[in-house]
Amino acid sequence: MTIKIDKKIVGYKVRSEDDKNAALAAAVLPATSASNVVMMHEKIERPDVLIGSTYKIKPPVGEHAFYITINDIVLNEGTDHEQQRPFEIFINSKSMDHYAWVVALTRLMSAVFRKGGDATFVVEELKAVFDPQGGYFQPGTGVYMPSIIAEIGAVVEKHMKRIGLLKGDELDEHQRALIAEKRKQLAEKAGGAGATGFPAEATLCNKCHHKSVILMDGCMTCLNCGDSKCG
Ligand SMILES: [Zn+2]
């Protein structure tokens, strides 16, 4: 950046470390100067004890399960500004096949969490990673996972919804009514529901990634999230 100086220079000062820190503090902590609200930023020291949640995933593409631990920090505890935020993430597995990228990924994610600001974007970034070898259907739920990384993203999303950083995807009344009606029609037609509760011939929904889209009344409709090509 070039700055044009059109006045006479009458004095100068070398920027000290203190000035830099003050500018940084003003940039990252706009709220602290006004009140005592603590925001997440990289200078917050890790407390000796953090409470965590460990999620297990078992991608069918590998032999071993992954244990994903997310430790949270609670800021401004006991005040109106109390906020629970993820502070660090660890992934453990017996499988050593993925060791290097898992370490890289968790270190970067932990750094993003500790940096402060909105960290929820990591969910969409991870969920959009497609494995060129092909994804898989999550055992039990039948949700399509385009890669192991995407499933890790889904776990982070679940966790952020639990601690209130992300909103749950509640369906509105209209969507719920539509899904209930479509399911009823389907039951009347006596189509056998698969293990996931959706008909065996259901196809993948582009919106919620469940195998739950069926053709009804000439219209592709998702029985899980209500997404419909006909509005
Ligand atoms: Zn759907």
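See the structure shown above.
The model shown is predicted, which means the values in this text are computed figures rather than measured ones.

(A) View of the sheet that holds strand β2 (residues 66–75). An order of β1-β2-β3 is seen for the three strands of this open sheet, with the pairing classed as antiparallel. The open sheet is flanked by β1 (51–57) and β3 (83–93), the only strands paired with a single partner. The sheet shows a mean angle of 25° between the axes of neighbouring strands, direction not considered. Pairing analysis gives seven bridges linking β1 to β2, with the strands arranged antiparallel. Across the sheet, I57 pairs through a bridge with F66, a residue of β2.

(B) Quick peek at the pairing of strand β7 (residues 211–216). In this structure, strand β6 (residues 203–204) lies alongside β7, joined through two bridges in antiparallel fashion. Among the inter-strand pairings, L204 is bridged to a residue of β7, identified as K211. The loop that links β6 with its antiparallel partner β7 comprises six residues; one of these, H209, has a positive phi angle of about 65°. Where β7 and strand β8 (residues 219–222) come together, four bridges link them in antiparallel fashion.

(C) Inspection of the sheet that holds β6 at higher detail. Taken together, the three strands give an open sheet; going across it, the order is β6-β7-β8, and neighbouring strands pair in antiparallel fashion. Bordering the open sheet on either side are β6 and β8, each of which pairs with just one other strand.

Scoring rules and cut-offs
- Residues numbered from 1 in each chain as written.
- Predicted model: local features only at pLDDT ≥ 70, side-chain atom pairs only at ≥ 80, totals over all residues.
- Pairing = 2+ DSSP bridges.
- Helix = DSSP H or I, 4+ residues; strand = E, 2+ residues; numbered from the N terminus.
- Axes fitted to C-alpha atoms, helices over the stretch in contact; angles between N-to-C directions.

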